[in-house]
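Observations on the three-dimensional arrangement
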Amino acid sequence: MSVEKNTRKLDKGIVRDFSSRMSYGSYLQLPTLLSAQQPVSEPEHHDELLFIIQHQTTELWLKLVLHELRSAAAWLRADDLGSALKGIARVKHIQKTLTEQWSVLATLTPTEYSQFRGFLGNSSGFQSAQYRAVEFVLGNKNRKMLPVFESDPEAHTMLEELLAAPSIYDEFLAYLSRQGFEVPASVLARDVTRAHEFTPELVPLFKYIYEHAAENWGAYEACEELVDLEDNFQLWRFRHLRTVQRTIGMKTGTGGSSGAAFLQKALELTFFPELFAVRTEIGQ
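Remember, it's a predicted structure, so these values are computed and weren't measured experimentally.

Observations regarding helix α10 (residues 203-211)
Taken residue by residue, α10 has Val203, Leu205, Phe206, Lys207, Ile209 and Tyr210 as its buried positions. The inward-facing, buried residues of α10 abut α8 (168-178), α11 (217-248) and α13 (273-281).

Given below as structure tokens:
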């Protein structure tokens, strides 16, 4: 079919009447979604829309990350490693998108941001319940974070539940135990409400898996997928730190944190420390 006068003809079968049909906009609830950007600066600053959309889209992606990670944990409980790895693979792609998004926010100059930052009050990404939930699911739990969400009962309940639930790493280690690998009993019985800490006794287990990858391919592949997850998360944290430094320097955060200095400390946090420690041992 040729194009005349640079105008494409519509196919006869294209639906045009949506008076009684579900449309693209109604399925996605676009009127609700696109009306959710409400700048608070007075007069409204041009760049505040960028700031809002950046964070709203991040929250949408975090919703999907949380959905996939919780499902992956459930699949591990059911010994369905393949489905769990499929979910983790999707999360890895989302992480890359989230990390790249920082480059858009980095176009906001310090001067531009300073002109509406004061209108944000104490609102801060630190208060993102979904981000905290993702950290909890990955195993970086911290009960001291919960009071931040007491004014939001739904978020507080979600985080309490995730605090008490095994992390995806706990589920993976339990899966390995059920498959006959020698996982220390102390690890399987640990207090899952606390952040996982480096456990030297796990390193020989992972050393065996890595050095016998052909015979333990599923476990080996899962280890590498988890390493990818942590690498991607750390890249996100680093880009967050650098964007904050670029935009506000060393100012205090709107939520009361020390800002960039607080974000710097996050780079020292880990999810699966034994999977990185084992690399020193392989081949020795």
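After that view of the structure, there is still more to cover.
Concerning the packing of aromatic side chains
Each aromatic ring pair is characterised by the separation of its centres together with the angle its planes make. For the structure on display, the rule yields 13 aromatic pairs. Taken together, a centroid distance of 5.9 Å and an interplanar angle of 45 degrees make the contact between phenylalanine 271 and phenylalanine 272 tilted. The side chain of arginine 132 reaches across the aromatic face of phenylalanine 126, ending 5.0 Å from its centre. One residue, arginine 279, lies across the ring of phenylalanine 276, its end atom 6.0 Å from the ring centre.

Side note on the UniProt feature "binding site: heme" (unreviewed entry) in the chain
The UniProt feature table records "binding site: heme" (unreviewed entry) at His240. Once residues lying within four places of it in the same chain are set aside, the contact partners of histidine 240 are Trp102 and Leu263.

With respect to the nonpolar core
Among the nonpolar cores identified, the biggest contains 67 residues, and Phe172, Leu176 and Phe206 are the most heavily contacted of them. It is α11 that contributes the most residues to this core, 11 residues altogether. Among all residues touching phenylalanine 172, those that are not within four sequence positions of it are Leu76, Phe206, Ala219, Ala222, Cys223 and Leu226.

Brief notes about the UniProt feature "binding site: substrate" (unreviewed entry) in the chain
As annotated by UniProt and renumbered to match this structure, "binding site: substrate" (unreviewed entry) occupies Phe51, Ile52, Ile53, Gln54, His55, Tyr113, Arg117 and Thr254. Take phenylalanine 51: it is sitting in helix α3 (residues 48-77). The buried category is assigned to phenylalanine 51, whose relative accessible area is 16%. With residues near it in sequence (within four places) discarded, phenylalanine 51 still touches Leu105, Leu108, Tyr113, Phe116 and Leu120. Looking at the secondary structure, you find threonine 254 in the loop between α11 and α12 (260-266). Look at threonine 254 and you get buried, because its relative accessible area is 17%. Contact partners of threonine 254, with chain neighbours within four places excluded, come to Arg117, Gly121, Asn122, Ser123 and Ser124.

What counts and what doesn't
- Residues numbered from 1 in each chain as written.
- Predicted model: local features only at pLDDT ≥ 70, side-chain atom pairs only at ≥ 80, totals over all residues.
- Heavy atoms only, no water.
- Buried < 20%, exposed > 50% of the residue type's maximum accessible area, 1.4 Å probe, protein only.
- Helix = DSSP H or I, 4+ residues; strand = E, 2+ residues; numbered from the N terminus.
- Contact = heavy atoms within 4.5 Å.
- Phe/Tyr/Trp six-rings, centres within 6.5 Å; stacked < 30°, edge-to-face > 60°.
- Lys NZ or Arg CZ within 6 Å of the ring centre and 35° of its normal.
- UniProt positions renumbered as here; feature names shortened; annotations may be inferred.
- Core = buried A, V, L, I, M, F, W, Y, C linked by side-chain atoms within 4.5 Å.

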